[in-house]
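Spelled out, the chains give:
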Amino acid sequence: MSGRRLVVVGASLAGLRAVEAARKSGFDGSVVLIGAEPHLPYDRPPLSKAFLDGADLPAFRTEEVLRDELGVRLALGAPATALDTAARVVRAGEREFGYDALVIATGAAARTLPGTGGLTGVHTLRTRDDALAVRSALDDGARTVVVGAGFIGSEVASAARKRGLDVTIVEALPTPLVRAVGAAMGRACAALHARNGTTLRCGTGVAAVEGDGRVERVRLTDGTVLPADLVVAGIGAVPATGWLAGAGLPLDDGVVCDETLFTGVPGVYAAGDVARWHNPAFGRPMRLEHWTSAAEQGAVAARNALDPANAKPYSTVPYFWSDWYDSRIQFVGVPAAEEVRVVDGDPGGHRFVALYREGDRLAGALTLNGQPQIMKYRALIMRGASWADGLEFADRRRAALKTA
Ligand SMILES: Cc1cc2nc3c(=O)[nH]c(=O)nc-3n(C[C@H](O)[C@H](O)[C@H](O)COP(=O)(O)OP(=O)(O)OC[C@H]3O[C@@H](n4cnc5c(N)ncnc54)[C@H](O)[C@@H]3O)c2cc1C
């Protein structure tokens, strides 16, 4: 044993990948994984998908594997409460964990609807416990109102519709998903709701969520009253940095890191939804809330924290997917584009591909049910392909599909 100590705070995807990568790299010192939730690390995407339909949610790894094979000491069920970077100590209430290398992987917490604290039947969807409560309400046939037409809210609506329940999505903006995929494609995705029997009300806010102890109705700013047994707020998430107040780390909508996920404070790296790092692939800072980057960053942060002299940058083309009804939406790249062009299929139909241009560069691609293609566009973007290259590639794909 080297006697060195790795502490990872946040026992979810990025945290788990951090401890796995540490061992895989040959690190033989002590490893502590601190998690606020009582559960072993589990996967979040199924929470708004298969789990709501009744599927199980196994932990990523059993306690035995974590303890005996990976040599991880688990400290679950209590959050880290403070970080002392001078003494190199993480505090969790009365407990203290000294570190030589620290990976912060505390993710993000769901935003809640103001003024709904005392009402049962009002939920966010971030944790296994949240998802259990939502699933049980759906089991009871709840009239469902989803606040926020983002990805998680839309997936909840899909799950409710699969069961034939009445569901309305309320979205304050005139068009959903503008920040995630841009206005035109936001409209195209939103069309899936109407086609599947979900009512989508855009451009109106929630004035009040009312009920006597339990939610009974949602009053909208346009005066509409929606009867509801279940209200799910899908209004975004905020990086979980509260416990770092006063630690002297750079915080700005996340833990600010350089391209190697280093915070600038000796020994301290960050990964996953909590990290705002400089992404060399786009030459700009980003904070992503995507599965793939959280997993990859966890591994990179641990390796870099344990061997800072050989730290490697983490460069990526962002990727996420979302499953609505019987369709899969996938996006690669960045959506803040000067032009979005549909290059295949029909945005009003079951399958299409749209490309995003920034300057003369291919910056992003969105597919609806385009699973075989999306990673090809991701590779093109990673290579720095021009807009013309992207269009030419799309032409070739279309031609190949026609002759197939
Ligand atoms: C319902 C849902 C569906 C999703 N679906 C998709 C999808 O389809 N596609 C996709 O690309 N991405 C999806 N995502 C996003 C993806 O799951 C996240 O990007 C990923 O979970 C981030 O991993 P993370 O480890 O950085 O953070 P998290 O998964 O948020 O984990 C952070 C962990 O840290 C813990 N923690 C917080 N504060 C403290 C503290 N002070 N001390 C100790 N522990 C702490 C939290 O309790 C949590 O367990 C989804 C997310 C959710 C919630």
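The notes below deal with the structure included here. (Residues numbered from 1 in each chain as written. Predicted model: local features only at pLDDT ≥ 70, side-chain atom pairs only at ≥ 80, totals over all residues. Heavy atoms only, no water.)

Bringing the pattern of salt bridges into the picture now. Scanning the entire structure with this criterion turns up 26 salt bridges. One salt bridge connects Glu-289 with Arg-287, and the closest N-O pair in it is separated by 3.0 Å. Glu-289 gets classed as partly exposed once you look at its relative accessible area, which sits at 36%. Arg-341 is paired through a salt bridge with Glu-339; the nearest N and O atoms lie 2.9 Å apart. Relative accessible area serves as the criterion here: at 35%, Arg-341 is assigned to the partly exposed category. A single network of salt bridges, built from pairs that share partners, joins Glu-210, Glu-216, Arg-217 and Arg-219. (Salt bridge = Lys/Arg side-chain N within 4 Å of Asp/Glu carboxyl O. Buried < 20%, exposed > 50% of the residue type's maximum accessible area, 1.4 Å probe, protein only.)

Moving on, we get to the sheet that holds strand S15 (residues 225-227). Read across the open sheet, the 3 strands follow the order S13-S14-S15; overall the sheet is antiparallel. Two strands bound the open sheet, and with one partner strand each, they are strand S13 (206-211) and S15. Strand-to-strand twist across the sheet, computed as the mean angle between neighbouring axes with direction ignored, equals 20°. As judged from the 5 bridges shared by S13 and strand S14 (residues 215-220), these two strands associate in the antiparallel manner. Each residue of the ladder has a partner; that of Glu-210, found in S14, is Arg-217. (Pairing = 2+ DSSP bridges. Helix = DSSP H or I, 4+ residues; strand = E, 2+ residues; numbered from the N terminus. Axes fitted to C-alpha atoms, helices over the stretch in contact; angles between N-to-C directions.)

Another point: the site of the ligand. As a structural note, the neighbourhood of the ligand is formed by 32 residues, with Glu-37, Arg-44, Lys-49, Arg-126 and Asp-273 the closest of them. One of the side-chain nitrogen or oxygen atoms of Glu-37 is found 2.7 Å away from an oxygen atom of the ligand. Contact between the ligand and Ala-80: a nitrogen atom at 2.8 Å from a main-chain N or O atom of the residue. Surface burial for the ligand is 93%, taken as the share of its 1000 Å² of free accessible area covered by protein chains. When contributions to the shell around the ligand are tallied by element, the ones reaching two or more residues are helix H1 (13-24), strand S2 (30-35), helix H7 (291-306) and strand S22 (319-324). Of the residues contributing to the shell around the ligand, the split by class is 18 nonpolar, 8 polar and 6 charged. (Near = heavy atom within 4 Å. Polar contact = N/O pair within 3.5 Å; in protein donor to acceptor, adjacent residues only side chain to side chain. Areas by Shrake-Rupley, 256 points an atom, 1.4 Å probe, with all protein chains shown as cover. Nonpolar A, V, L, I, M, F, W, Y, C, P; charged D, E, K, R; others polar.)

Here we come to the sheet that holds strand S6 (residues 95-98). What the 3 strands build is an open sheet, ordered S4-S5-S6; its pairing is antiparallel. The two strands at the open ends of the sheet, each matched to only one other strand, are strand S4 (82-84) and S6. Strand-to-strand twist of the sheet, defined as the mean angle between neighbouring strand axes without regard to direction, takes the value 20°. Direction of pairing for S4 relative to strand S5 (residues 89-92): antiparallel, over a ladder of 3 bridges. Pairing of Asp-84 across the sheet is with Val-89, part of S5.

Before going further, it helps to spend a moment on helix H3 (residues 128-139). The end-to-end C-alpha distance of H3 is 16 Å, a good match for the 16 Å that 12 residues give at a rise of 1.5 Å each. Turning to H3, its buried residues are Asp-130, Ala-131, Val-134, Arg-135, Ala-137 and Leu-138. Projected down its long axis, H3 shows its buried positions confined to an angular sector of 160°, all on one face. If you follow the buried residues of H3, they end up packed against strand S9 (122-124), strand S10 (144-147), helix H4 (151-162) and strand S16 (230-233). (Expected span 1.5 Å × (residues − 1). Arc of directions from axis to C-beta. Contact = heavy atoms within 4.5 Å.)

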